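Per-entry structural report
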Amino acid sequence: MALRKKGEFWYGTTSGDTQAELRSYSVANRHEAVRFAVSKCDCGCRTFALQTDEEAGVAIRTCTDCGQEHLMGDSASNVDEAAPEAHGCVCENDVFELVSGVSVHEGTHHVRWYYIACRCVECNLVGVFADWKCDAGDAAAFLAKV
Ligand SMILES: [Zn+2]
Ligand SMILES: [Zn+2]
């Protein structure tokens, strides 16, 4: 399945579609995401409510199954200053599948920019809901915490 455009929004059906949208957003941002990970709760669930504060560099996902809250990526180091706001889709749903992507400093595995893309589980809208510049060390360790 490929991405489709309806009005001003893009729609997909898989996390691969979400990843494709994240990548094209990151290319436009001149920091191309090269590594990706799909969020999964400890309980195995893959759908979440999402709160973010891009200014502070904080994203919190809340599992729709067990209710566990998780600070994504490097959010734990920034959360004291943050005022996170909940995301809602244009269709008014607020449950999403989340794909994270990072760009790295050239020639290294060190995170340079963090992107969070969502796919709405109701209407299949895909888009990047938050991104911020961060120097957060090793990309694999970072993406293990999304
Ligand atoms: Zn859970
Ligand atoms: Zn939606």
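Located above this text is the structure these notes cover.
Residues numbered from 1 in each chain as written. Chains lettered and ligands numbered in written order. Predicted model: local features only at pLDDT ≥ 70, side-chain atom pairs only at ≥ 80, totals over all residues. Heavy atoms only, no water.

Turning our eyes to something else, we now look at the overall build of the protein chain. Across its full length, the protein chain holds two helices and ten strands. Secondary structure elements in the protein chain, listed N-terminal to C-terminal, are β-β-α-β-β-β-β-β-β-β-β-α. Projected onto the principal axes, the alpha-carbon positions of the protein chain cover approximately 35 × 30 × 25 Å. Counting the 146 residues in the protein chain, one finds 43% classified as buried. Here the analysis covers contacts within the protein chain between residues at least 6 apart in sequence; of these, 56% occur between residues at least 24 apart. Summed over all atoms, the accessible surface of the protein chain reaches about 7,400 Å², with 44% contributed by carbon and sulfur. In the protein chain, 13 positive and 22 negative side-chain charges are present, and the distance between their average locations comes to 9 Å. (Helix = DSSP H or I, 4+ residues; strand = E, 2+ residues; numbered from the N terminus. Buried < 20%, exposed > 50% of the residue type's maximum accessible area, 1.4 Å probe, protein only. Contact = heavy atoms within 4.5 Å. Areas by Shrake-Rupley, 256 points an atom, 1.4 Å probe, with all protein chains shown as cover. Lys, Arg positive; Asp, Glu negative; His and termini not counted. Charge placed at Lys NZ, Arg CZ, Asp CG, Glu CD.)

Here we come to the pairing of strand β8 (residues 96–104). Taken across its nine residues, β8 has eight buried, putting it largely inside the fold. Strand direction decides the pairing type here: β8 and strand β9 (residues 111–120), joined by nine bridges, are antiparallel. Directly across from V102, in β9, lies its bridge partner Y114. Hairpin connection of β8 to β9: six residues between the antiparallel strands, including G107 at a positive phi of 80°. (Pairing = 2+ DSSP bridges.)

The subject of this paragraph is the coordination of the zinc ion (ligand 2). At 2.3 Å from the zinc ion (ligand 2) lie its protein donor atoms, namely C89 (SG), C91 (SG), C120 (SG) and C123 (SG). Considering all four donor atoms around the zinc ion (ligand 2), the spread of angles at the metal, 105 to 114°, places the coordination shape in the tetrahedral class. (Donors = N, O, S within 2.8 Å, 3.2 Å for Na, K, Ca; no water. Tetrahedral: all angles 85-135°; square planar, octahedral: opposite > 155°, others 65-115°.)

With that out of the way, let us pick up the coordination of the zinc ion (ligand 1). Only C41 (SG), C43 (SG), C63 (SG) and C66 (SG) from the protein coordinate the zinc ion (ligand 1), and they sit 2.3 Å from it. Counting the intervening residues between successive donors of the zinc ion (ligand 1) yields the motif C-x1-C-x19-C-x2-C. Within this pair, whereas C43 is found in the loop between β3 (35–38) and β4 (48–53), its partner C63 is found in strand β5 (residues 58–63), the two being separated by 20 residues in sequence.

We now examine the nonpolar core. Counting residues in hydrophobic clusters, the biggest one holds 27 residues, and the most contacted among them are L50 and Y114. Of all the secondary structure elements, the ones that give two or more residues to this core are β4, β5, β8, β9, β10 (125–133) and α2 (139–143). Considering every element that reaches this core, the biggest residue donor is β9, with five residues. With sequence-adjacent residues up to four places away left out, Y114 is seen in contact with M72, G73, S100, G101, V102, A130, D131, W132, C134, F142 and V146. With seven residues, the next largest nonpolar core counts A33, V99, A117 and V128 among its residues. (Core = buried A, V, L, I, M, F, W, Y, C linked by side-chain atoms within 4.5 Å.)

Worth remembering: the numbers are spatial, not functional.
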